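# Observations on the three-dimensional arrangement
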Amino acid sequence: MSDTVASLYGGPAGKRVRTRDLQLAKERGEKWAMLTSYDQYTARIFDDAGIPVLLVGDSAANNVFGYETTLPVTVDQLIPLVRAVVHGAKRALVVGDLPFGSYEESPAQAVRTSVRFMKEAMCHAVKLEGARRDAIQAITGAGIPVMAHIGFTPQSEHLFGGYRVQGRGEDAKLLVEQAHTCYEAGAFAVVLEMVPGEVAKQITEEIPVPTIGIGAGPDTDAQVLVWQDMAGMRVGGGPVPRFVKRYANLAEELSKAVHAFADEVRDGQFPTQDHTF
C-alpha cells in the first residue's frame, strides 16, 4: 500500500476512512482515488487495494441495469447495491448516490431519501448533483455527510443538450460560484465532472474541501472513474469518454474464461473425477 493511502487510513487495521481523513489528506497535499462499486466482490477487491472511497453511483443504471441513461434508476434499486458494497468494504468510506427524482422536490424530500440510504443501506455519506444549497444544508443538518457534484451532471443531460463540457468561457465564473456554494452549505467534497482543467484547478485552490475530478484535469485532489470503464469491462455501446484510461481488459479475459468453460463442458473435459463427490 502506498504511503498516501496508508496515511489516509492511518490507525489500527480495519479503521474506517472518515470524511475528516479526506480533509486531512487535502491539507497534506495527498491525492487519492475513488471508484464506483455495485457489489460485494468488487467492493472487497477495491478495499483491499487501498481505494479509500467507493461510490455506489446512479451509474448503476447504465452499468448494472442496462439503461441508456442514469435517469430511470430508483432508490429501491440502488439501496440493495449500496448495502452489498458496505458489507464488502471494511475500510473504505461508502457513498450512496441519490438518484434522479429523489431529492429535487424539496429539502425535506432530500432528507427523507438520505435517511433511507443511511438506515437501510448503511452507507457513510450520500452524493447529490447540483449546487443545491438548501438540500445540502438540510441533509448535513440531519447529521448526514454530503458529497456534491457539479459541472456536467448526468441527471441533467437533457437540459444540457447531451454530454457537454461545462464551465467554459463566461460559464467558468458560475461554476466556481457553485463550488463555493456547495462548500458553504456543508458538503465535505465536490465532484467536478467534464470541466476545463484550469477551472478545476482554481476551484481546488479556492475551496477548503477535497475536489474529485472526472474529466477535470490533473489538479483536483482526487480522481474517480466508473470501475467498468477503468478495467475494460465496457462491451458494445458507444465510444469510451475521453477522460477514461483503461487499466485492464477484463472483458476479454472473462470472455476467454467463458469460452474455455463452455468448450470443456461440450468436449466432456469438465467435470473430472477431481470435481466429483
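Everything numeric in this text was worked out from a predicted model, so none of it was measured. (Residues numbered from 1 in each chain as written. Predicted model: local features only at pLDDT ≥ 70, side-chain atom pairs only at ≥ 80, totals over all residues. Heavy atoms only, no water.)

Quick look at the nonpolar core now. Side chains of nonpolar character tend, in soluble globular proteins, to be buried together. Counting residues in hydrophobic clusters, the biggest one holds 57 residues, and the most contacted among them are Leu54 and Phe117. Among the elements that take part in this core, helix H5 (residues 75–88) stands out by supplying seven residues, more than any other. Not counting residues within four places of it along the chain, the set of residues in contact with leucine 54 comprises Leu35, Ser37, Ala43, Phe46, Val85, Ala89, Ala92, Leu93, Val94 and Val95. One finds Leu8, Val95, Ala189 and Ile212 within the second-largest nonpolar core, a separate group that totals 19 residues. (Core = buried A, V, L, I, M, F, W, Y, C linked by side-chain atoms within 4.5 Å. Buried < 20%, exposed > 50% of the residue type's maximum accessible area, 1.4 Å probe, protein only. Helix = DSSP H or I, 4+ residues; strand = E, 2+ residues; numbered from the N terminus. Contact = heavy atoms within 4.5 Å.)

All right, on to the pattern of salt bridges then. Under the counting rule described, the total for this entry stands at 13 salt bridges. A salt bridge links glutamate 120 to arginine 116; its shortest N-O distance comes to 2.8 Å. Here glutamate 120 and its partner arginine 116 are both found in helix H6 (residues 107–121), four residues apart, which amounts to about one turn of the helix. We classify glutamate 120 as partly exposed; its relative accessible area is 33%. Relative accessible area serves as the criterion here: at 30%, arginine 116 is assigned to the partly exposed category. A network of salt bridges, in which partner residues are shared, links Asp76, Arg116 and Glu120. (Salt bridge = Lys/Arg side-chain N within 4 Å of Asp/Glu carboxyl O.)

Attention now goes to the packing of helix H9 (residues 171–185) against helix H10 (residues 197–206). At a minimum axis separation of 10 Å, H9 and H10 run at an interaxial angle of 30 degrees. With respect to their mutual orientation, H9 and H10 come out roughly parallel. Considering only the axes of H9 and H10, their crossing is right-handed. Within the contact between the two elements, H9 uses Ala172, Leu175, Val176, Ala179 and His180 and H10 uses Val199, Gln202, Ile203 and Glu206. Grouping the constituent residues of the contact of H9 with H10 by class yields six nonpolar, two polar and one charged. (Axes fitted to C-alpha atoms, helices over the stretch in contact; angles between N-to-C directions. Parallel < 35°, antiparallel > 145°, perpendicular 65-115°, else oblique. Left-handed = near helix turned anticlockwise from the far one by under 90°. Nonpolar A, V, L, I, M, F, W, Y, C, P; charged D, E, K, R; others polar.)

Now for a negative patch on the surface. A grouping of Glu198, Glu205, Glu206 and Asp219 is seen on the molecular surface, where their side chains present a negatively charged patch. In this structure, glutamate 198 sits in helix H10. Judged by relative accessible area, glutamate 198 falls into the exposed class, the value being 59%. (Patch = residues over 30% accessible without salt bridge, like charges linked within 9 Å, V, L, I, M, F, W, Y side chains within 5 Å. Areas by Shrake-Rupley, 256 points an atom, 1.4 Å probe, with all protein chains shown as cover. Lys, Arg positive; Asp, Glu negative; His and termini not counted. Charge placed at Lys NZ, Arg CZ, Asp CG, Glu CD.)

Here the focus is helix H7 (residues 133–141). Because each turn of an α-helix spans 3.6 residues, side chains separated by three or four positions end up pointing in the same direction. Among the residues of H7, Ala135, Ile136 and Ile139 are the ones counted as buried. The buried residues of H7 all sit within an arc of 95 degrees when viewed along its axis, so they share a single face. Of the exposed residues in H7, the ones pointing more than 90 degrees away from its buried face are Asp134 and Gly141. Considering only its buried residues, H7 is in contact with H6, strand S4 (125–129), strand S5 (146–151) and H9. In the stretch just after H7, glycine 143 is the one whose phi turns positive, near 90 degrees. (Arc of directions from axis to C-beta.)

Attention now moves to H6. Counted at 1.5 Å a residue, the expected span for H6 with its 15 residues is 21 Å, and the 20 Å between its end C-alpha atoms agrees. Those residues of H6 lying buried are Gln109, Ala110, Thr113, Ser114, Phe117 and Ala121. Axial view of H6: buried residues confined to an arc of 130 degrees, hence all on one face. For H6, the exposed residues lying more than 90 degrees away from the buried face are Arg112 and Lys119. Structurally, H6 contributes buried residues whose contacts are with H5, strand S3 (93–97), S4 and H7. Methionine 122, located one to two residues past H6, shows a positive phi value of around 65 degrees. (Expected span 1.5 Å × (residues − 1).)

Right, let's talk about the packing of aromatic side chains for a bit. Considering all chains together, one arrives at three aromatic pairs under this definition. Summarising the aromatic geometry, the rings of phenylalanine 65 and tyrosine 67 are spaced 6.1 Å apart at their centres and angled 25 degrees between planes, so their arrangement reads as stacked. Since its relative accessible area comes to 32%, phenylalanine 65 is described here as partly exposed. Note on tyrosine 67: relative accessible area 29%, which makes it partly exposed. (Phe/Tyr/Trp six-rings, centres within 6.5 Å; stacked < 30°, edge-to-face > 60°.)

What follows is about the pairing of S3. A regular strand places its side chains on the two faces of the sheet in alternate fashion. Among the five residues in S3, five count as buried, and that is most of the element. The alternating pattern of S3 places Leu93, Val95 and Asp97 on one face and Val94 and Gly96 on the opposite face, and all of these are buried. The pairing of strand S2 (residues 53–56) with S3 spans four bridges and is classified as parallel. When the bridges of S3 are listed, leucine 55 appears paired with valine 95. Of the strand pairs in this sheet, S3 and S4 are connected by three bridges, and their pairing is parallel. Each residue of the ladder has a partner; that of aspartate 97, found in S4, is lysine 127. Between S3 and its parallel partner S4, the chain crosses via H6, and the hand of that crossover is right-handed. (Pairing = 2+ DSSP bridges. Right-handed = clockwise from strand over helix to strand, strands pointing away.)

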